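# Results of the structural survey
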Amino acid sequence: MSMPSLRKLEFDIEVNKTTLHNWKRNRPKLFEFIMESYKNREILKKHLELLMEQKEIIEKEIDITKNRIV
């Protein structure tokens, strides 16, 4: 995953862009932590979406099987 834009981060973590620039320059470990956390959040979101898709597929299979039995 590529690094999110500062505008997106600004909106998501409710910190202005200047502060983000300052963190990137003066507190690189904090900035890196924010980036890694953001990446993890995106990965978890994608994983949740995949699980929801699997749930829908399983529910359809259950309905098909019910209809065959009845």
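Residues numbered from 1 in each chain as written. Predicted model: local features only at pLDDT ≥ 70, side-chain atom pairs only at ≥ 80, totals over all residues. Heavy atoms only, no water.

## Notes on the environment of Met52
The condition is simple: In this description a helix means any DSSP run of H or I spanning at least four residues, a strand means any run of E spanning at least two, and both kinds are numbered starting from the N terminus. Throughout this description, buried means an accessible area under 20% of the type-specific maximum (1.4 Å probe, protein chains only), exposed means over 50%, and partly exposed covers the range between.
Here Met52 lies in helix α3 (residues 28-69). Given a relative accessible area of 48%, Met52 falls into the partly exposed group. The sequence separation of Met52 and Arg27 amounts to 25 residues, and the corresponding C-alpha distance is 38 Å.

## Let's talk about the pattern of salt bridges
Cut-off, in case you're wondering: Throughout this description, the term salt bridge denotes a Lys or Arg side-chain nitrogen within 4 Å of a carboxyl oxygen of Asp or Glu.
Counted according to the given criterion, the structure contains four salt bridges. Close ionic contact of Lys55 with Glu59 constitutes a salt bridge, the shortest N to O distance being 3.1 Å. Here Lys55 pairs with Glu59, and both are found in helix α3, just four residues apart, close to one helical turn. Here Glu59 falls in the partly exposed class, since its relative accessible area comes to 37%.

## Digging into the environment of Ile34
Mapped onto the elements, Ile34 comes out in helix α3. Residues Ile34 and Ile13, spaced 21 residues apart in sequence, show a C-alpha to C-alpha distance of 9.3 Å.

## Some details on the packing of helix α1 (residues 6-13) against helix α2 (residues 17-26)
Rules: Axis lines are fitted through C-alpha atoms, for helices just across the contact stretch, and the angle between N-to-C directions can take any value from 0 to 180 degrees. In these notes the angle categories are as follows: under 35 degrees is roughly parallel, over 145 is roughly antiparallel, 65 to 115 is roughly perpendicular, and the rest is oblique. Every residue pair with non-hydrogen atoms within 4.5 Å of one another is taken to be in contact. Throughout this entry, Asp, Glu, Lys and Arg are counted as charged residues, while Ala, Val, Leu, Ile, Met, Phe, Trp, Tyr, Cys and Pro are counted as nonpolar. The remaining residues, Gly among them, count as polar.
Running from N to C, α1 and α2 cross one another at 110 degrees; their axes reach a closest spacing of 9 Å. The pairing of α1 with α2 is recorded here as roughly perpendicular in orientation. Across the interface between the two elements, Leu6, Arg7, Leu9, Glu10 and Ile13 of α1 pack against Lys17, Leu20, His21 and Trp23 of α2. Considering only residue class, the contact of α1 with α2 consists of five nonpolar, one polar and three charged.

## Considering the nonpolar core
Counted only if it meets this: To qualify as a nonpolar core, a set must consist of buried Ala, Val, Leu, Ile, Met, Phe, Trp, Tyr and Cys residues joined through side-chain atoms within 4.5 Å.
By size, the foremost hydrophobic cluster in this structure holds eight residues: Leu6, Leu9, Val15, Leu20, Phe31, Ile34, Met35 and Tyr38. By residue number, the principal contributor to this core is α3, which donates four residues. Setting aside residues no more than four positions away along its own chain, Leu20 makes contact with Leu6, Leu9, Glu10, Ile13, Val15 and Phe31.

## Here's the deal with the confidence of the model for the protein
We apply this condition: The predictor reports its confidence for every residue as pLDDT, a score running from 0 up to 100.
Averaged over the protein, the pLDDT score is 87; the fraction of residues at 70 or greater is 97%. Looking across the protein, the model is least confident in α1, with a mean pLDDT of 79, and most confident in α3, with 91.

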